[in-house]
Amino acid sequence: MRISLKILLVVLLVAVVPIAVSGTTSVVLARKAVAAAASDKLEAEARHLAEVAETTVIGGLEDLRQAANLGLHSLSNEEINGALWVIYRGDTARAAVALIDGETGEAVVDPAFQETVSAEAGLAGHDAFPAAAVEAFAHHVPLADALATGKAVSVPYADSARGTPLIALAVRVPGRRDSAGKERPWVVAVEISLRGLNQRFEEAADEHFTAALVDLEGRAVCHTKSEVALARAPVVSVATARLADPQAPSSAAIDEDSDAPTLVAYARATRLASPDGKTWGVIVERDRADALAAVQALSRRTLFWVTTALLLAVVAGTVLARGIARPVERLTAIVQRFATGGQRGDLEVRAPNLGTDEIGTLAGAFNKMADDIDDYTGQLRSFNQELPPITQILLDVS
């Protein structure tokens, strides 16, 4: 291998390899750190949204329970109807309020709702409730569960015509006594619009991730894409199984596969758990490439600088190699001529002035050695020329 190539390889090894190794290491570590930070953020967002969902549902149920403490059984039907409107006005999320006889399943009085929303204070801000929606509302009221436990939350449902996900809340209250003096159980039922809650999930798109509130069956209740919530579509995710497992942590980020296309986190809404341990929960996902965009930019910058260093090292190494190799090669050729020649002309070859560095010093030392050898050779030749006459004289004398 020529010395110029050796010098170039050394320069590349010393200049480029450390930069490449440190740059690659930095990118790998940054990728892991950013992925961990993004996962932690997703988990925190999942916990926050789970708390909001719990507050919306459980808080709405508790508010209904307080509002239903109006002694409805002691009121006339007209007064009961007025009381239902009082309950209706108490929360703009209430789309309809009904009082149901627990034994017959029939409405005690006409439910309170607005087909056309009024601008009147207390009525404005509610969702319109078409008369055709009464049947769906009645179908979803958790009447049996409310009678058994005192309060209940329905299976979520949705009305694509109104464009909102819904739930029905129910609270048992004392009813009127019949002719035998037996108290009839009544249930106050409210349809809750989850439009406001779903808007919180839609806002996740502003943070470049997707969020879903899923029920006990893993179906979407609220979703960043409203059409998914309205379709009550199953949410397919690695987190779905964790939510269904009572032994799983209440919240966690899932990043078991670094090659997975998404980062995933979940949080259980434990206050919305069923007796068998299943619970509602929030699943938050973000595209891994989007989350690691900053690292990808760092990777591109690292590649740019490594490439730049490589080019600079090649240029510098080539200049340095030529600066060192050319004088050495010239000196080598001269030495070879001097060493392999047997003629006087070859012995007279000398190195040119190669500077004041080590190579120049070596050339000077070679020239001195060549001069000494030339002097010695001249003396030897002169002696050989004088030797025959002397030898002849000695022979004559003998």
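Scroll up a little and you will see the structure.
Here the structure is a predicted model, which is why all the values come from computation and not from measurement. (Residues numbered from 1 in each chain as written. Predicted model: local features only at pLDDT ≥ 70, side-chain atom pairs only at ≥ 80, totals over all residues. Heavy atoms only, no water.)

Undergrad: Tell me what's going on with the overall build of the protein, and back it up with residues and numbers.
TA: Tallying secondary structure elements over the protein gives 11 helices and 11 strands in all. Every one of the 398 residues in the protein was classed for burial, and the buried ones make up 39%. Summed over its atoms, the accessible surface of the protein is roughly 21,800 Å², and 57% of this surface lies on carbon and sulfur atoms. (Helix = DSSP H or I, 4+ residues; strand = E, 2+ residues; numbered from the N terminus. Buried < 20%, exposed > 50% of the residue type's maximum accessible area, 1.4 Å probe, protein only. Areas by Shrake-Rupley, 256 points an atom, 1.4 Å probe, with all protein chains shown as cover.)

Undergrad: Explain the side chain of Ser 39 residue by residue, including any values.
TA: Note that Ser 39 resides in helix H1 (residues 3–67). Ignoring sequence-local partners within four residues, the contact set of Ser 39 consists of Ala 253, Asp 255, Leu 263 and Ala 265. (Contact = heavy atoms within 4.5 Å.)

Undergrad: Pulling in residues and values, what's your account of the pairing of strand S11 (residues 279–287)?
TA: The buried fraction of S11 amounts to seven of the nine residues, a majority that puts the element mostly inside the structure. Relative to S11, strand S7 (residues 210–214) is paired through five bridges, and the arrangement is antiparallel. From the neighbouring strand, Thr 210 faces S11, where its bridge partner is Glu 285. With nine bridges joining them, strand S10 (residues 262–273) and S11 adopt antiparallel strand pairing. Note that in S11 the partner of Ala 273 across the bridge is Thr 279. (Pairing = 2+ DSSP bridges.)

Undergrad: Hey, could you go over helix H2 (residues 77–89) for me, with residue numbers and the actual values?
TA: If you check H2, its first and last C-alpha atoms are 18 Å apart, about what 13 residues at 1.5 Å a residue would give, namely 18 Å. For H2, the full list of buried residues reads Ile 80, Ala 83, Leu 84, Ile 87 and Tyr 88. The arc that holds the buried residues of H2, viewed along the axis, is 145°, so those residues lie on one side. Looking at H2, the residues exposed on the side facing more than 90 degrees away from the buried face are Glu 78 and Val 86. (Expected span 1.5 Å × (residues − 1). Arc of directions from axis to C-beta.)

Undergrad: Outline unusual backbone geometry, supporting the account with residue identities and numerical values.
TA: One non-glycine residue, His 208, lies in positive phi territory at about 65°. Looking at where His 208 falls in the secondary structure, it is placed in the loop between helix H5 (195–202) and S7. One non-glycine residue, Arg 232, lies in positive phi territory at about 50°. Within the element layout of this structure, Arg 232 appears in the loop between helix H6 (226–231) and helix H7 (238–244). On the basis of relative accessible area, Arg 232 is assigned to the buried category, the value being 14%.

Undergrad: Account for the pattern of salt bridges, naming residues and giving values.
TA: Enumeration over the complete set of coordinates arrives at 10 salt bridges. Among the ionic pairs, Lys 41 bridges to Glu 207, the shortest N-O distance being 3.6 Å. Taken together, the residues span a long stretch of sequence, with Lys 41 in helix H1 and Glu 207 in the loop between H5 and S7 at a distance of 166 residues. For the salt bridge of Arg 162 with Glu 191, the shortest nitrogen-to-oxygen distance reads 3.0 Å. Taken together, the residues Arg 162 in the loop between strand S4 (157–159) and strand S5 (164–177) and Glu 191 in strand S6 (residues 183–193) connect sequence positions 29 residues apart. Glu 191 shares its class with Arg 162; the two are buried. A single network of salt bridges, built from pairs that share partners, joins Asp 101, Glu 103 and Arg 184. (Salt bridge = Lys/Arg side-chain N within 4 Å of Asp/Glu carboxyl O.)

Undergrad: Lay out the sheet that holds S10 in plain terms, naming residues and giving numbers.
TA: On the basis of which strands lie adjacent, the open sheet formed by five strands has the order S8-S7-S11-S10-S9 and antiparallel pairing. Each edge of the sheet is formed by a strand with only one pairing partner; in this case those strands are strand S8 (220–223) and strand S9 (251–254). Within this sheet the neighbouring strands show an average axis-to-axis angle of 20°, counted without direction. On the sheet, H5 packs against S7, S8 and S11 and is oriented at approximately 60° with respect to S8. (Axes fitted to C-alpha atoms, helices over the stretch in contact; angles between N-to-C directions.)

Undergrad: Describe the packing of aromatic side chains, with residues and values.
TA: Evaluated as defined, the whole model comprises three aromatic pairs. Taking the centre distance of 4.9 Å and the plane angle of 50° together, the rings of Phe 113 and Phe 129 count as tilted. Within this pair, whereas Phe 113 is found in strand S2 (residues 112–113), its partner Phe 129 is found in the loop between S2 and helix H3 (134–140), the two being separated by 16 residues in sequence. Each member of the pair Phe 113 and Phe 129 is classed as buried. On the numbers, 6.2 Å between centres and 85° between planes, the contact of Phe 129 with Phe 137 is edge-to-face. (Phe/Tyr/Trp six-rings, centres within 6.5 Å; stacked < 30°, edge-to-face > 60°.)

Undergrad: Explain H5 to me, and be specific about the residues and the numbers.
TA: Within the span of H5, buried status applies to Leu 197, Asn 198 and Phe 201. Buried residues in H5, looked at end-on, bunch into an arc of 95°, giving them a common side.

Undergrad: So, the side chain of Asp 215: which residues are in play, and what are the values?
TA: Mapping Asp 215 onto the fold places it in the loop between S7 and S8. Reaching out from Asp 215, the side chain makes a polar contact with the side chain of Arg 232 at a distance of 2.6 Å. Among all residues touching Asp 215, those that are not within four sequence positions of it are Pro 156, Val 221, Arg 232, Thr 279 and Trp 280. (Polar contact = N/O pair within 3.5 Å; in protein donor to acceptor, adjacent residues only side chain to side chain.)

Undergrad: Can you break down a negative patch on the surface residue by residue, with the values?
TA: Taken together, Glu 202, Glu 203, Asp 206 and Glu 227 make up a surface patch of like negative charges. Residue classification places Asp 206 among the exposed positions, given a relative accessible area of 59%. (Patch = residues over 30% accessible without salt bridge, like charges linked within 9 Å, V, L, I, M, F, W, Y side chains within 5 Å. Lys, Arg positive; Asp, Glu negative; His and termini not counted. Charge placed at Lys NZ, Arg CZ, Asp CG, Glu CD.)

Undergrad: I'd like a rundown of the nonpolar core, residues and numbers included.
TA: Of all hydrophobic cores here, the largest spans 49 residues; its most connected members are Val 188 and Leu 213. The greatest single-element share of this core, amounting to 12 residues, is contributed by H1. Apart from the residues lying within four places of it in its own chain, the contact partners of Leu 213 are Ala 53, Leu 197, Phe 201, Arg 219, Ala 220, Val 221, Cys 222, Trp 280, Gly 281 and Val 282. Ranked by size, the runner-up nonpolar core spans 18 residues in total, among them Ala 98, Phe 113, Ala 152 and Ala 189. (Core = buried A, V, L, I, M, F, W, Y, C linked by side-chain atoms within 4.5 Å.)

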